[in-house]
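Okay, here's what each chain looks like letter by letter:
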Amino acid sequence: MAPLQNAAFSTEPLILLYMDSTGKIAAERVADGFGMSKTQLAQTAGLARETLYRSTRIGAPKAQGRLREMLEIISRVSEWAGGKDQAMAWYRAQPLPAFGGRTAEALIKDGKAAAVREYLDHMALGGFA
């Protein structure tokens, strides 16, 4: 588990730290890495609680896609946010003016990960919210 503790300083994409040997995102690893329960992780990713407690459902494309999108966004902001934990706080609570004050979390839950990525690209190029 040492790589998870040092994830804030890793140059490796955050998502790779949470993958299992088959290339799927291990929900328990993600929950542990962010200090939350699987129920809290399910809520954060916009998934039903049962999804992360049933091995047949956690591997489903929708569940894997939501977790992947969440981790990708958090990974993209972790450097300027000050680490993965601060990036998670940003993801969950920071209102984004370009989206009427909605958070990245709310947008991901609505299937708008591409819009959040475009927003982050725009901001990285020096754009304004």
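On a predicted model such as this, the values are computed, not experimentally measured, just so you know.

Our focus in this paragraph is the pattern of salt bridges. Evaluation of the coordinates by the stated rule reveals eight salt bridges. Among the salt bridges present, the one from Lys-38 reaches Glu-28, with a minimum N-O distance of 3.8 Å. Separated by ten residues along the polypeptide, Lys-38 in helix 4 (residues 38–45) and Glu-28 in helix 3 (residues 27–33) bring together distant segments of the chain. For Glu-72, the salt bridge is made with Arg-76, and the minimal N-O distance between the two is 4.0 Å.

Mean pLDDT over the chain works out to 88, with 88% of the residues at or above the 70 mark. Note that pLDDT drops below 50 for residues 1–10; the model gives that stretch eleven contacts with residues more than four away or on any other chain.

By the element assignment, Arg-66 lies in helix 6 (residues 61–81). Comment: no salt bridge for buried Arg-66; closest opposite-charge side chain is Glu-69, at 4.4 Å. Setting aside its immediate chain neighbours within four residues, Arg-66 contacts Ala-45, Gly-46, Leu-47, Ile-108, Lys-109 and Gly-111.

Glancing now at helix 4. Here helix 4 has its buried residues at Lys-38, Leu-41, Ala-42, Thr-44 and Ala-45. All buried residues of helix 4 lie within an arc of 165 degrees about the axis, which places them on one face of the element. Residues of helix 4 that are buried make contact with helix 3, helix 6, helix 7 (84–93) and helix 8 (104–109). Once helix 4 ends, the next one or two residues include Gly-46, with phi positive near 75 degrees.

A few words now on helix 9 (residues 113–124). Under the 1.5 Å per step criterion, the end-to-end length of helix 9 is 16 Å for twelve residues, consistent within 8% with the ideal 16 Å. Positive phi appears at Gly-126, one or two residues downstream of helix 9, with a value of about 95 degrees.

We now examine the environment of Pro-13. The residue Pro-13 is located in the loop between helix 1 (2–5) and helix 2 (14–17) in this model. Overall, the relative accessible area of 43% leaves Pro-13 in the partly exposed class.

Bringing the nonpolar core into the picture now. Counting residues in each nonpolar core, the largest one holds 36 residues, and the members touching the most others are Phe-34, Leu-41, Leu-67, Met-70, Leu-71 and Tyr-91. Put simply, the parts of the chain that give this core at least two residues each are helix 2, helix 3, helix 4, helix 6, helix 7, helix 8 and helix 9. Looking at which element gives the most residues to this core, the answer is helix 6, with seven residues. Beyond its immediate stretch of four places on either side in the chain, Leu-67 contacts Ile-25, Ala-27, Leu-41, Ala-45, Leu-47, Leu-52 and Ile-58.

Calculation notes
- Residues numbered from 1 in each chain as written.
- Predicted model: local features only at pLDDT ≥ 70, side-chain atom pairs only at ≥ 80, totals over all residues.
- Heavy atoms only, no water.
- Salt bridge = Lys/Arg side-chain N within 4 Å of Asp/Glu carboxyl O.
- Helix = DSSP H or I, 4+ residues; strand = E, 2+ residues; numbered from the N terminus.
- pLDDT = per-residue confidence, 0-100.
- Contact = heavy atoms within 4.5 Å.
- Buried < 20%, exposed > 50% of the residue type's maximum accessible area, 1.4 Å probe, protein only.
- Lys, Arg positive; Asp, Glu negative; His and termini not counted.
- Arc of directions from axis to C-beta.
- Expected span 1.5 Å × (residues − 1).
- Core = buried A, V, L, I, M, F, W, Y, C linked by side-chain atoms within 4.5 Å.

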